[in-house]
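Observations on the three-dimensional arrangement
Now for the letters of each chain:
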Amino acid sequence: MEFPNCTVVDHPLVKHKLTQMRRVETSTASFRALLQETSLLLAYEALRDLKVREEDIQTPMARTTAPVLDGKKLVLVAIMRAGQGILDGMLQLVPSARVGHIGLYRDPETLSPVEYYYRVPGQLADRDVVVCDPMLATGNSAVAALQRLKKSKPGSLRFVCLLACPEGLTNLREHHPDVHVYTAAIDERLDEHGYILPGLGDAGDRLFGTK
């Protein structure tokens, strides 16, 4: 099945690091480090089309023109709590980015998202915004976060995750066909509890060592 709104970053290093994260015996410390490393690689692809402009500079040898990022600063928004793991990796690549957080938890009965926290930079208009969450499972949290952000009229929205599945990608495309997804892999399906299979378990628990 093809998903036109999704780019799978299939670099060998991404594949290798993802396999290490899937292993049940991988420690919290190793999982955290691998997620940051993989997120940096995902960010490289997700930010490939950022706008640049030419600027006059002086090198040690001569004056020349060279490209620099154009426009307002990038905004990275983590869906709490597990999105922090991807955010930390992306900030290594773009340390000057502004940062926001959206707190959502999944109702265990309905699998619908419930918002409990929202704090993002005040001026999103004309800014490129990247939303981060390790798992695109049902897609309900991603859909809700993107809908909330669209009220501030950002210049563009992208979604970066570690793992996606067909159900989540379909849900996101139905609600936000303009948002492109960047992920390390598309897994088989969801189980009856809304978890990705084969997946890697609960990303938040594995990232923070809470289970």
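Residues numbered from 1 in each chain as written. Predicted model: local features only at pLDDT ≥ 70, side-chain atom pairs only at ≥ 80, totals over all residues. Heavy atoms only, no water.

Further remarks concern the UniProt feature "binding site: uracil" (unreviewed entry) in the protein. UniProt records the feature "binding site: uracil" (unreviewed entry) for Ile 196, Gly 201, Asp 202 and Ala 203 in the present numbering. When you line up the elements, Ile 196 lands in strand β12 (residues 196–197). Once you skip the residues sitting within four places of it in the chain, Ile 196 turns out to touch Met 135, Leu 136, Ala 137, Leu 163, Ala 164, Cys 165, Asp 187, Arg 189 and Leu 190. Of the residues examined, Asp 202 reaches a relative accessible area of 30% and is grouped as partly exposed. In contact with Asp 202, other than residues within four places in its own chain, are Arg 81 and Tyr 195. (UniProt positions renumbered as here; feature names shortened; annotations may be inferred. Helix = DSSP H or I, 4+ residues; strand = E, 2+ residues; numbered from the N terminus. Contact = heavy atoms within 4.5 Å. Buried < 20%, exposed > 50% of the residue type's maximum accessible area, 1.4 Å probe, protein only.)

Attention shifts here to the nonpolar core. Core analysis: the biggest nonpolar cluster contains 37 residues, and Leu 74, Leu 76, Val 130 and Leu 200 have the highest contact counts within it. Elements with a contribution of two residues or more to this core: α1 (12–22), α2 (28–46), β4 (75–80), α3 (83–93), β7 (128–132), β9 (156–164), β10 (180–186) and α6 (203–208). In terms of nonpolar packing, the next biggest core, distinct from the first, is built from 24 residues, Phe 3, Ile 79, Val 129 and Leu 169 among them. (Core = buried A, V, L, I, M, F, W, Y, C linked by side-chain atoms within 4.5 Å.)

So, on to the environment of Ala 145. Looking at the element boundaries, Ala 145 is found in helix α4 (residues 140–150). For Ala 145, a relative accessible area of 1% gives the class buried. Each C-alpha atom of the pair Ala 145 and Ile 79 lies 7.6 Å from the other, and the pair is 66 residues apart in sequence.

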